[in-house]
Every structure is written in C-alpha cells, then in structure tokens.
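# Structural characterization, general
Spelled out, the chains give:
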Amino acid sequence: MDHNNEFASPADSSSLADYVYRKLIYQAGVDFESRPMLIFAACNLPDPKVISYNHIFELVVGRLDEYCECDYTVVFFASEATHQPGWRWMIDAYRRLDYKYKKNLKALYVVHPYWWTKLLFNIMGRIISPKFFRKIVWVETLSQLSTLVPIDQIDIPDKVRAFDVSLESMDASKRIRPVINPEDHPRQHHCPNSNNGEAENRVFGTSVYRLMRQETGTVRLHSVVVHLIRSIFHRGLRYEGIFRRSPSSVQLKESRKQYNRGVMVDMSDKSINLPAVLLKLLFNELSQPMF
C-alpha cells in the first residue's frame, strides 16, 4: 500500500496528522510497571520526497508532549521500513529534542534492529548521550518483546508480524533467547493450580472478586488494597503527581512478591511512588477487566 495516497496533498496537514497518530506513533496501553507505551512503526514512514520529515518531526513532538511529563516507554519497530530518514537528519532531530522528552523516557525497545539501526543508535547514544544509550534494549523477536512488555496491548503492523514469522522460522540455535525470570511478570507465568503459599495469597493477577471479598453479606476490600490506600493517604497527600512517577524497579518487584506471599510491606521508609504504582498494578493486572 502506498502510504502517500492517504494524504490529499503534501500540504494537507490534517490528513497527515491523522495518519501519523494512527499509523506512525500511537499509544498502546501501559507496560508491566504501569507506564504508558508509545509505539513507533518505521514501516509506516512515508516517502520523504513527498512528505517533509521536518513536518512529521513536529507532529511526533506534539504526541510526545502528551506523555513526557510522566514516565513512559517507547517500542520502536525498525523492520520493513521502505523509507527512512538519513543519519544526519536523525542526529539533528535528536539534538532538537528538548531534555524533558529524554528525562522521563525509561526504556526504548528497538524491535528487529538492522545493522544500520544499531550503528545509528550507537552513534547517538555513545557520542551524543551515553545516558540515553543505556535506555536502549535490543529486541530480536516479538516473542522476546512479550517478556518485556504486555504485547497483547500493541497494535502490531502486519508487515512487522510477517517479518517476525520469517525470523521465528529460522534455526533456533542461530538466535539468542533471553533468560526469563518468572517472578518478573506473574501474569504470564503464573500457574493457577500451584499449591505453594504464594499462589494461595496471590493478589497481583487475581480476579476482582478476590480483591472485593463478600463476607456476611457485605463487600470488603482485600487487606492489601486497604494497606496501599492507607499508605497513600497518610504520606501521599502532600506530594504532587505520585501516580505519574515510577519507583525503583527492584523495590517494585520485591514488594509485589512479598504481597503475593501474604506479607504486608512496610512503606514508611520507601518512596511514596511505590504504593501508588502498586495500587495501579493491582487493577492493571486483574485476570479479567473490571469493566
């Protein structure tokens, strides 16, 4: 399909903006730490001879403005790009990005990276900003991506899926598979028939009926929900934006494991963002949507 046919003319800003926000850069739910995910699909880049990439850059920045005040992640599908900007334009565009867009970007997942993609990001990361380079995660296949973010929330372009099928059909010995820690993403690896104590006490990934138990004709919130709400009430009311920031990933994973084992975590000496994000995760990881 010729993407340029979707625009009435190169000067038709409304149709271009609609295309960019539907096909090129768009939100896809939240990641495992309840941060918004932005998707960038290089396969949908239009012909730079027809559409000015400077205009596209302005539209992309406009979309980033909606998320850059909070922590967010970006998934960049690099494969099957018929058109792509030049190196100089990419480096210049990166330099034009204000610090606020880079500060709260917590991870950039580059899916199906070509050699030139890695080289370009290496140049941008190591020479221009080493701190930015540390946020880049190379992802070889969609299977690997599913261990890093909730892939079922992402509208993946058909071209990217087809390319991934060709990769997955290759000899598995030629690909490097990540080591997966089952504790990192309990929704994917939890076995409901497990008899261990953690399975019996699990609250993350459980049903809404377990979070709101009915006892003697009344509905009572689960003790973990009450504990998190009290922690926020006692310490969080004097802080602004506690649901927008992410706590330490180590603290987040450890606290989630403790709550799943029935242990109430002492929040008095921890970041106020920790109970706030844990409360979001409780609802985000429900086995069935609340609504």
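Sequence order as written defines residue numbering, which begins from 1 separately in each chain. Note on the predicted model: pLDDT of at least 70 is required for a residue's local features to be given, and 80 or more for side-chain atom pairs to be given and counted; whole-chain, interface and lining totals, by contrast, use all residues. Water and hydrogen atoms were dropped before computing side-chain values, which therefore reflect all heavy atoms in the structure.

Secondary structure elements follow DSSP: runs of H or I of four or more residues count as helices, runs of E of two or more count as strands, with numbering from the N terminus. The helix and strand tally for the protein chain stands at 14 helices and seven strands. Split into buried and exposed, the 291 residues of the protein chain put 47% on the buried side. Throughout, a contact is declared for two residues whenever any of their heavy atoms are within 4.5 Å. Here the analysis covers contacts within the protein chain between residues at least 6 apart in sequence; of these, 74% occur between residues at least 24 apart. When the accessible surface of the protein chain is split by element, carbon and sulfur atoms take 54% of a total near 15600 Å². A simple rule labels every residue: compare its accessible area, found with a 1.4 Å probe on the protein chains alone, to the largest value its type can have, and call it buried under 20%, exposed over 50%, or partly exposed in between. Calculation of accessible area relied on Shrake-Rupley with a 1.4 Å probe; when residues are assessed, cover is drawn exclusively from the protein chains displayed.

It is worth spelling out the packing of aromatic side chains at this point. For Phe, Tyr and Trp, where Trp contributes only its six-membered ring, two rings pair if their centres lie within 6.5 Å, and the inter-plane angle classes them as stacked under 30 degrees, edge-to-face over 60, or tilted in between. Counting across every chain of the model gives four aromatic pairs. With 6.1 Å between their ring centres and 70° between their planes, Y114 and F163 make a pair best called edge-to-face. You can see Y114 sitting in the loop between β4 (105-111) and α5 (115-128) and its partner F163 sitting in helix α8 (residues 158-168), a full 49 residues away along the chain. Aromatic rings pair up to connect Y53, F57 and W89 into one cluster.

This next bit is on the confidence of the model for the protein chain. Confidence of the predictor in every single residue is expressed as pLDDT, which spans 0 to 100. Confidence in the prediction for the protein chain averages 78 pLDDT; 80% of positions are at 70 or higher. No element of the protein chain has a lower mean pLDDT than helix α9 (residues 186-189), which averages 42, and none a higher one than strand β3 (residues 72-77), which averages 93. A low-confidence stretch, residues 7-11 (pLDDT under 50), is modelled with eight contacts involving residues beyond four sequence positions or located in other chains. Predicted confidence for residues 175-195 stays below pLDDT 50, and this span has 34 contacts to residues more than four positions away or in other chains.

Looking now at the side chain of R63. With respect to the helices and strands, the residue R63 is situated in helix α2 (residues 53-64). The term polar contact refers here to a pair of N or O atoms within 3.5 Å; inside protein, the definition further demands a hydrogen-donor-capable atom paired with an acceptor-capable atom, and it admits residues adjacent in sequence only when both atoms are side-chain atoms. There is a polar contact of 3.4 Å between the side chain of R63 and the backbone oxygen of I25. Dropping the residues within four chain positions of it, R63 is found in contact with Y21, I25, Y26, Q27 and L38.

Further remarks concern helix α13 (residues 249-260). Taking 1.5 Å per residue, twelve residues should reach 16 Å; α13 reaches 17 Å between its end C-alpha atoms and fits that length. Where α13 is concerned, the buried positions are L252, S255, R256, Y259 and N260. Along α13, the residues classed as buried sweep out an arc of 135° about the axis, all on the same side. At the N-terminal boundary of α13, the capping side chain belongs to S248, with an oxygen 3.3 Å from the backbone nitrogen of V250. Within two residues after α13, G262 carries a phi angle of roughly 90°, on the positive side. By this rule, a helix spans an expected 1.5 Å times one less than how many residues it contains. What the arc covers is the set of directions going from the helix axis to the C-beta atoms.

This next bit is on the nonpolar core. Buried residues of nine kinds, namely Ala, Val, Leu, Ile, Met, Phe, Trp, Tyr and Cys, make up a nonpolar core once their side-chain atoms join them within 4.5 Å. The biggest cluster of nonpolar side chains holds 33 residues, and the ones touching the most others in it are Y72, F76 and L108. At the level of elements, α1 (13-24), β2 (36-41), α2, β3, α3 (87-96), β4 and α6 (130-133) are the ones that each hand at least two residues to this core. Ranked by size, the runner-up nonpolar core spans 22 residues in total, among them V203, V224, L274 and L281.

In space, the five strands of this open sheet follow the order β1-β2-β3-β4-β5, with mixed pairing throughout. The open sheet has two edge strands with one neighbour each: β1 (25-30) and β5 (136-139). Within this sheet the neighbouring strands show an average axis-to-axis angle of 25°, counted without direction. As paired strands, β3 and β4 are joined by six bridges and run parallel to one another. By the bridge assignment for β4, T73 is matched with A107. Helix axes are fitted to C-alpha atoms over the stretch in contact, other axes to C-alpha atoms as well, and angles between N-to-C directions run from 0 to 180 degrees. Set on the sheet, α2 makes contact with β1, β2 and β3; between it and β1 the angle comes to about 20°. Here the rule is simple: two strands pair whenever DSSP picks up at least two bridges between them.

Take empty space enclosed by the protein next. A cavity here means a set of points on a 1 Å grid, drawn over the protein atoms and nothing else, where a 1.4 Å probe fits but cannot get out; a pocket is an open set with protein on both sides within 12 Å along at least five of seven lines, and a residue lines either one if it has an atom within 4 Å of a point. Grid points are joined across faces, edges and corners, and a volume is the space filled by probe spheres set on the points. For the structure on display, the rule yields one cavity of 30 Å³ or more. The space that makes up the largest cavity amounts to roughly 720 Å³. F40, V60, M90, L97 and F121 are the residues nearest the centre of the largest cavity, which is lined by 31 residues in total. Contributions of two or more residues to the lining of the largest cavity are made by β2, α2, β3, α3, α4 (99-103), β4 and α5. For the lining of the largest cavity, the element with the most residues is α2, which contributes five residues.

Take the environment of R202 next. Position of R202 among the secondary structure elements: in the loop between α10 (197-201) and α11 (208-211). Separated by 55 residues in sequence, R202 and K257 place their C-alpha atoms 8.7 Å apart.

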